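# Structural overview
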Amino acid sequence: MDYPLLNIFWTMLELFLWILWFFLLFKIITDIFRSQDMGGGAKAGWTVLVILLPFIGVLVYLIVRGGSMHERDVDQARQADAAFQAYIRKAAGTAPGEGGDKPPAATGHVDDLARLAELRNSGALTDEEYQRAKDKLLA
C-alpha cells in the first residue's frame, strides 16, 4: 500500500478527463458527418485534422463550428420527434391534420368497432347484425 491517497485522486481525474476527451472527439466526428452545410472535401479535411492533430483539431473545430453544433442537435431531435409522432399516428390510425374535437374520417378498425357498438347500444342493430358486421370488419 505505497500508493498515496492524492495519487488515487489524480489517477481518477486523469481517467475522467480521458473519457471526457473521447466523448468530445466522438461527438465532433459525429457532428462533422451529420453536417449538411459542408461538402465532402471539407468533411474529409476536418476529419483528418481532428484525427492527426486531435487537441488542436478539436479546439479549432469548437471555435469555428461549435455554435452551430447545438442547432444541428436540435434539428435532429425535431426530426426524430416528428418521425415518432408520425409512427404513433399511423399506429393509432389517425391522420396528422385531424383535431381532437371532431371524429376522424377513416381512422381504422377501432373507431369502426366503436361505431358498431354505439349502433347496437342505441338499438339500431340487433345482436346478430352487430356480430356479422364485427366479423366482417375483423376479417
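The rules behind these values
- Residues numbered from 1 in each chain as written.
- Predicted model: local features only at pLDDT ≥ 70, side-chain atom pairs only at ≥ 80, totals over all residues.
- Heavy atoms only, no water.
- Helix = DSSP H or I, 4+ residues; strand = E, 2+ residues; numbered from the N terminus.
- Buried < 20%, exposed > 50% of the residue type's maximum accessible area, 1.4 Å probe, protein only.
- Contact = heavy atoms within 4.5 Å.
- Areas by Shrake-Rupley, 256 points an atom, 1.4 Å probe, with all protein chains shown as cover.
- Axes fitted to C-alpha atoms, helices over the stretch in contact; angles between N-to-C directions.
- Parallel < 35°, antiparallel > 145°, perpendicular 65-115°, else oblique.
- Nonpolar A, V, L, I, M, F, W, Y, C, P; charged D, E, K, R; others polar.
- Salt bridge = Lys/Arg side-chain N within 4 Å of Asp/Glu carboxyl O.
- Patch = residues over 30% accessible without salt bridge, like charges linked within 9 Å, V, L, I, M, F, W, Y side chains within 5 Å.

### Side note on the overall build of the chain
Secondary structure summary: the chain contains five helices and zero strands in total. Ordering the α and β elements of the chain from the N terminus gives α-α-α-α-α. Residues counted as buried form 16% of the 139 residues belonging to the chain. Put simply, of all contacts in the chain between residues at least 6 apart along the chain, 38% involve residues at least 24 apart. For the chain, the accessible area works out to roughly 10,700 Å², and carbon and sulfur atoms hold 67% of it.

### Let's talk about the packing of helix 2 (residues 40-52) against helix 3 (residues 54-92)
Two elements in contact, helix 2 and helix 3, have axes separated by 5 Å at closest approach and are oriented at 135°. The orientation of helix 2 relative to helix 3 falls into the category oblique. Taken together, the residues of helix 3 that come into contact with helix 2 (itself represented by Trp46, Leu49, Val50, Ile51 and Leu52) are Pro54, Gly57, Val58, Val60, Tyr61, Val64 and Arg65. Among the residues making up the contact of helix 2 with helix 3, the classes are represented as 10 nonpolar, one polar and one charged.

### A short note on the packing of helix 4 (residues 109-122) against helix 5 (residues 127-138)
Look at helix 4 against helix 5: their axes get within 10 Å of each other, and the N-to-C directions meet at 175°. The angle between the axes of helix 4 and helix 5 places the two elements in the roughly antiparallel class. Counted together, His109, Asp112, Leu113, Leu116, Ala117 and Arg120 of helix 4 and Asp127, Tyr130, Ala133, Lys134, Leu137 and Leu138 of helix 5 form the full contact between these two elements. Residues that form the contact of helix 4 with helix 5 fall into these classes: seven nonpolar, one polar and four charged.

### Re the pattern of salt bridges
Scanning the entire structure with this criterion turns up seven salt bridges. Across the pair Lys27 and Asp73 runs a salt bridge, and its minimum N-O distance is 3.0 Å. Placement of the pair is Lys27 in helix 1 (residues 5-34) and Asp73 in helix 3, with a sequence separation of 46 residues. For Lys27, a relative accessible area of 27% corresponds to the partly exposed category. Among the residues examined, Asp73 registers a relative accessible area of 26% and is labelled partly exposed. Between Arg34 and Asp31 there is a salt bridge; the shortest N-O distance is 3.1 Å. Of the two residues, Arg34 and Asp31 both sit in helix 1, three residues apart, roughly one turn of that helix.

### Some remarks on a nonpolar patch on the surface
Together, Tyr3, Leu5, Leu6, Ile8, Phe9, Met12, Leu15, Trp18, Ile19, Phe22 and Phe26 make up a nonpolar patch on the protein surface, roughly 1,200 Å² of accessible area in all. Relative to the assigned elements, Ile8 resides in helix 1.

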